[in-house]
Amino acid sequence: MPDDSETPQKHLYLVDGSAFIFRAYYSLPPLTNPEGTPVGAILGYSNMLWKLADDLHAADGPTHMAVILDKAGTSFRNDIYDQYKANRPEAPEDLKPQFPIIRDATRAFSLPMVEEENVEADDMIASYTKEAVARGWKVTIVSSDKDLMQLIEPKEDSLVDMLDTMKDKRIGAAEVEEKFGVGPQLVGDMLSLMGDSSDNIPGVPGIGPKTAEKLLTEYGSLEGVLAAAPEMKKSKMQERLVEFADMARLSRVLVTLKDDCPLPIALDDMELQTIPEGPLVPFLEKHGFKALLKRVGQVTDTDAANKAIAGQPRATTIGNAAAPAVTVSGAPMAARPPKMPPIDPAAYECVTTLDALGRWIAEARAEGLVAFDTETDSLEAVTANLAGFSLAVRPGQACYVPLSHGGSDMFAEKADQVPFDEAMAMLKDLLEDDSILKIGQNLKYDMSVLVQHGITIAPIDDTMVMSFNLDAGEHGHGMDELAKLHLGHECISYKSVTGTGKSQIRFAEVPLSEATKYAAEDADVTLRLWHHLKLRMAPERAVRIYELTDRPVIQVLSKMECRGIKVDRAVLARLSGEFAEQMQSLESEIHQIAGEPFTIGSPKQLGEILFEKMGYKGKRKGKSGQYSTDVTILEDMAGQGIEIARKVLDWRQLAKLKSTYTDALQEQINPNTGRVHTSYGLVGAQTGRLSSTDPNLQNIPIRTEIGRQIRDAFVAEPGNVILAADYSQIELRLAAHIADVAQLRDAFAAGEDIHNRTAQELFGEVNRDTRGRAKTINFAILYGISRWGLAKRLEVEPDEAQAMIDAYFKSFPGISAYIQETLASVREKGYSETLFGRKTWFPRINSKNQAERQGSERAAINAPIQGTSADIIKRAMARMDDALAKAGLAHVKMLLQVHDELVFELPESDVAAASEVIRNVMMGAAEPAVTISVPLGVDIGTGKSWGEAH
DNA sequence: TCCCTCACG
DNA sequence: GACGTACGTGAGGGAA
């Protein structure tokens, strides 16, 4: 054991976080944050952490501190005694949502957090206490739990004491003696005799504190008491001691703290530093803790002054310089990021020689990692021109390497740049070195830019995707937002260096000094964010979804974007012409019926024409007070034979198709490739789905015949075909599996039509009408049902809709149970999970605003199903290229993903072989992580165009 | 920039 | 007692 006795006395504070929250909840008034989530107990907790940490410089104050939390679920004690803590009442409804916020609060205070499976917080406290005492440290346990009193040494100068912050009372051996009448070393024996109702420790019936005290004083220990029991004077108590001796021994085992747990964070890594404002301020702001916010400014100012005098590091630094603590035998850990100097853009280097670039690359090799970012003149990776790139090797140490800077009046600067080709060759060596981790924010973009220069990037970590895997639903994942949130830093904005609007300049025209500040800061911030986020991945169980699903898909998506899909401009142009003609004639007809010309595309003007001038009955809606003129209203009118309504609908359809598709898509054809290159968003959809932008290729028409023609413009190169493979009913299949609905599972297994089966179960007969209703209800279930919503869709009374919902739940009780369990879990934990462990957070699930709350509830019901489906197709995509290559089909190219569909381009002769590989990969995508109890179905079609392939 | 509308799964 | 009602997206056009 290291001996620290020579150094100043170290003092470890161990905060029993979970226990504190309970007490704070009951002793503080209810309070909600601006989102409507109750946070009274969290405020109490935050105040306590502040107060404790503020004692850093006080005599005998903490030098080291950590928060110990109870992990949800059972502990090893339940294996010994299944009734352990069985009588605990459930936490109050407005306390549950506060549990997950404890972690946010602890992180906001930059305190290390320990939270272990299968043991309780008390055991971790005991283990850390033992280790610290062995080193001669003092330990203060911030708790008032009587179980923990065992840890106080039974002597006057005990190294261990307890602190009850709510009563502001120190508890030492004397206080324990006062409370129990015995010393701390006998507290365990005491509890074993008298039992403990709060933990459901049985003890010996009829023996309370007074009797236990008397017995222990007389016989010295529990074993002494039990050994002497048979010989004691006959009495009710004596009989019970004999009869329940085993119970007492079992109790003794239960109350004994396990003090040899592996320590996931080293004691030295718990060193307490001044609390950095960075992560703290956004947390306090989010929850509206104004009083604390005020104090933050004051205290850190004074502290900074004190430290400056002492010549110490600035107050904004935290943690210790050592690399983050490592995990012990797979145990979860949560430590703090390494010490980081303040962000200072003036300190960044502008690299203008190959020698200097070589030094930076050598630094990266020495670290084994580098944060990397490219600067270009466009958000569209495929057409973007490279202006330069930046590297960061350690927090605060970053550079910018301009490659093609220089505008009309800046020729002088061109001489100050590294030669392009040599620099790119050096960069290629670095980025393709598989012993160096490349860290980036949205690396898919950089990959797509650099692939034009023959560079691939691997291996990688992407801070944007890591943030998404940790915090989907909580906030956005853009770098500026993350920097503000985690680092408390306001990034230099792109606009401030390039300007906006007419006066905007290309990045390559930005003067080097400004460009360096902006670009190197991006790399520096990315590296700092990575340190924050990486630490959270394992303890927050984000590793599986990140490593096995989302990260592998980054590279795949980059390839798909670069490939693009061929679009036949002639087809689109022809359609545009046809649509324009039809719109023209509809427009004059509409104007004639209306009796005056007006802008049909203006909902405001259309509403006035229909519902004021022409006198049809309409509904005003919303705060804008406008008449609603959407499809449902117009369809309704058309059904009543109102001619103008039908014509407006037809006009609208054409206008939509023309402007959004046939016109806009032509503009998106890349002149060099003749193809359209969409951009996929990995963090756009909260559920884990991808999104597609510029252009969106996930909403190309298919539902109407007229719109469908647009798909004929998406074609294969000569000699090739388009192959479309889609999962059949994947969300319903997943619902059947997740909610464990036997009838639906059987129906899928037997290849039955699922809506027919539902109709049979619900209505007792299958016909067009009942099948249609069943289909609507099936989807309603996936989306979180409400009687009102269903009533509207089915055009029945809410009562009738409710009857159908009741019938559905009665037929498929698993569904109802799934909904209840999912909601209970989300309300308590704050997030939902897919089968693969992808989390989606719902910060408004406990909102006081009913509409907001119910909206969150519906989304929460849907997220595990939609999200699991997204996970499965992503896993298929991650494996697809390898599987095809193994089958000698490397020239089969995956082009598009549309949620449950993958689109490929391949030589006609390979269709049969490729179909088999694609089907196998897609059907087996959940394995081996998860086995779905329903077979997944994949339908495949091929043709010269996407339209034909369906 | 917001709102409305509508294309997709 | 009123609210506003199916989940997840992105894009274009009009109005302010």
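Conventions adopted
Residues numbered from 1 in each chain as written. Chains lettered and ligands numbered in written order. Predicted model: local features only at pLDDT ≥ 70, side-chain atom pairs only at ≥ 80, totals over all residues. Heavy atoms only, no water. Domains from an automatic or database assignment. Pairing = 2+ DSSP bridges. Helix = DSSP H or I, 4+ residues; strand = E, 2+ residues; numbered from the N terminus. Contact = heavy atoms within 4.5 Å. Axes fitted to C-alpha atoms, helices over the stretch in contact; angles between N-to-C directions. Core = buried A, V, L, I, M, F, W, Y, C linked by side-chain atoms within 4.5 Å. Buried < 20%, exposed > 50% of the residue type's maximum accessible area, 1.4 Å probe, protein only. Near = heavy atom within 4 Å. Polar contact = N/O pair within 3.5 Å; in protein donor to acceptor, adjacent residues only side chain to side chain. Nonpolar A, V, L, I, M, F, W, Y, C, P; charged D, E, K, R; others polar. Phe/Tyr/Trp six-rings, centres within 6.5 Å; stacked < 30°, edge-to-face > 60°. Lys NZ or Arg CZ within 6 Å of the ring centre and 35° of its normal.

Right, let's talk about the domain arrangement of chain A for a bit. Once the domains are mapped, chain A shows domain 1 (11–181 + 257–269), domain 2 (345–564), domain 3 (583–676) and domain 4 (730–867). Its C-alpha centre places domain 1 at a distance of 63 Å from the equivalent point of domain 3.

Another aspect to go through is the sheet that holds strand β6 (residues 169–171). Reading across the sheet, the six strands line up as β3-β2-β1-β4-β5-β6 and stay open at both edges, with mixed pairing between neighbours. The open sheet is flanked by β3 (113–114) and β6, the only strands paired with a single partner. Here strand β4 (residues 138–142) runs beside strand β5 (residues 160–164); their pairing, made up of four bridges, is parallel. For Thr140, the partnering residue across the bridge sits in β5 and is Asp161. Helix-sheet contacts for helix α1 (residues 17–27) involve β1 (11–16), β2 (64–68) and β5, and the interaxial angle to β1 is about 55°.

Below, the discussion takes up the nonpolar core. Membership of the largest hydrophobic core comes to 185 residues, with the highest contact counts inside it found for Tyr727, Ile872 and Phe904. Among all residues touching Tyr727, those that are not within four sequence positions of it are Ile872, Ile873, Ala876, Asp900, Met922, Met923, Ala925, Leu936, Gly937 and Val938. Judged by nonpolar contacts, the second largest core, of 55 residues, contains Tyr84, Leu151, Ile207 and Val255.

With that settled, consider the protein's contact with DNA strand C. Every one of the 30 residues lining DNA strand C counts as a neighbour, but Ser602, Asp694, Asn696, Ala780 and Arg858 are closest to it. Within 4 Å of the protein, the atoms of DNA strand C are drawn from sugar and phosphate moieties in a proportion of 65%. A distance of 3.0 Å separates a phosphate oxygen of DNA strand C from a polar backbone atom of Gln686. Between DNA strand C and Ser691, the relevant distance is 3.1 Å, taken from a phosphate oxygen to a side-chain nitrogen or oxygen of the residue. At the level of elements, α24 (603–613), α26 (643–667), β18 (691–693), α31 (768–783), α32 (787–794) and α35 (850–886) are the ones that each hand at least two residues to the surface near DNA strand C. Among the elements that take part in the surface near DNA strand C, α35 stands out by supplying six residues, more than any other. Here the residues of the surface near DNA strand C sort into six nonpolar, 18 polar and six charged.

Another point: the sheet that holds strand β16 (residues 675–676). Spatial strand order, β16-β13-β19: three strands in an open sheet with antiparallel pairing. The outermost strands of the open sheet, each flanked by one partner alone, are β16 and β19 (714–715). Pairing geometry for strand β13 (residues 565–567) and β16, over two bridges, is antiparallel. Bridging from a neighbouring strand, Lys566 pairs with Arg675 of β16.

Around DNA strand B sit 21 residues in total, of which Thr629, Lys656, Ile702, Arg703 and Asp900 are the nearest. If you look at DNA strand B and keep only atoms within 4 Å of the protein, 76% of those are sugar or phosphate atoms. Here a base nitrogen of DNA strand B and a side-chain polar atom of Gln866 are 3.4 Å apart. In terms of residue count, α26 provides more of the surface near DNA strand B than any other element does, three residues in total. Residues that form the surface near DNA strand B fall into these classes: seven nonpolar, seven polar and seven charged.

What follows covers the side chain of His755. Counting through the fold element by element, His755 comes out in helix α30 (residues 754–763). Its relative accessible area of 2% is what places His755 among the buried residues. A polar contact is formed between the side chain of His755 and the side chain of Asn778, at a distance of 3.0 Å. Beyond its immediate sequence surroundings of up to four residues, His755 is in contact with Gln729, Leu732, Arg771, Ala774, Lys775, Asn778 and Phe779.

The subject of this paragraph is the environment of Pro341. Inspection of the secondary structure puts Pro341 in the loop between α13 (290–310) and β7 (349–350). The class for Pro341 is partly exposed, based on a relative accessible area of 36%. Sequence separation between Pro341 and Arg394 is 53 residues, and the spatial gap between their C-alpha atoms is 9.9 Å. Sequence-distant contacts of Pro341, that is, excluding residues within four places in its chain, are made with Pro395, Gly396 and Arg528.

What follows concerns unusual backbone geometry. Residue Pro459 is bonded to the preceding Ala458 through a cis peptide linkage, with omega at -10°. The topology assignment puts Pro459 in the loop between α17 (443–450) and β12 (460–462). Along the chain, Glu927 connects to Pro928 via a cis peptide bond; the corresponding omega equals -5°. One can find Pro928 in the loop between α36 (911–923) and β25 (937–943). Despite not being glycine, Arg541 has its phi angle at roughly 60°, a positive value. Looking at Arg541, the relative accessible area reads 35%, which means it is partly exposed.

Attention now goes to the packing of aromatic side chains. As enumerated under the stated definition, the model contains 14 aromatic pairs in all. An angle of 50° between the planes, with centres 6.2 Å apart, marks the rings of Phe20 and Tyr45 as tilted. Of this pair, Phe20 sits in helix α1 while Tyr45 sits in helix α2 (residues 40–54), and the two are 25 residues apart along the sequence. The class of Tyr45 is buried, set by a relative accessible area of 0%. With a centroid separation of 5.7 Å and 65° between ring planes, the pair formed by Tyr494 and Tyr518 is classed as edge-to-face. In this pair, Tyr494 is assigned in helix α20 (residues 494–498) and Tyr518 in helix α21 (residues 512–537), connecting sequence segments 24 residues apart. Its relative accessible area of 30% is what places Tyr494 among the partly exposed residues. Given a relative accessible area of 9%, Tyr518 falls into the buried group. If you follow Arg711 out to its NZ or CZ, it ends over the ring of Trp946, 4.2 Å from the centre. Of note, Lys839 hangs over the ring of Tyr831, and the distance from its end group to the ring centre comes to 4.6 Å.

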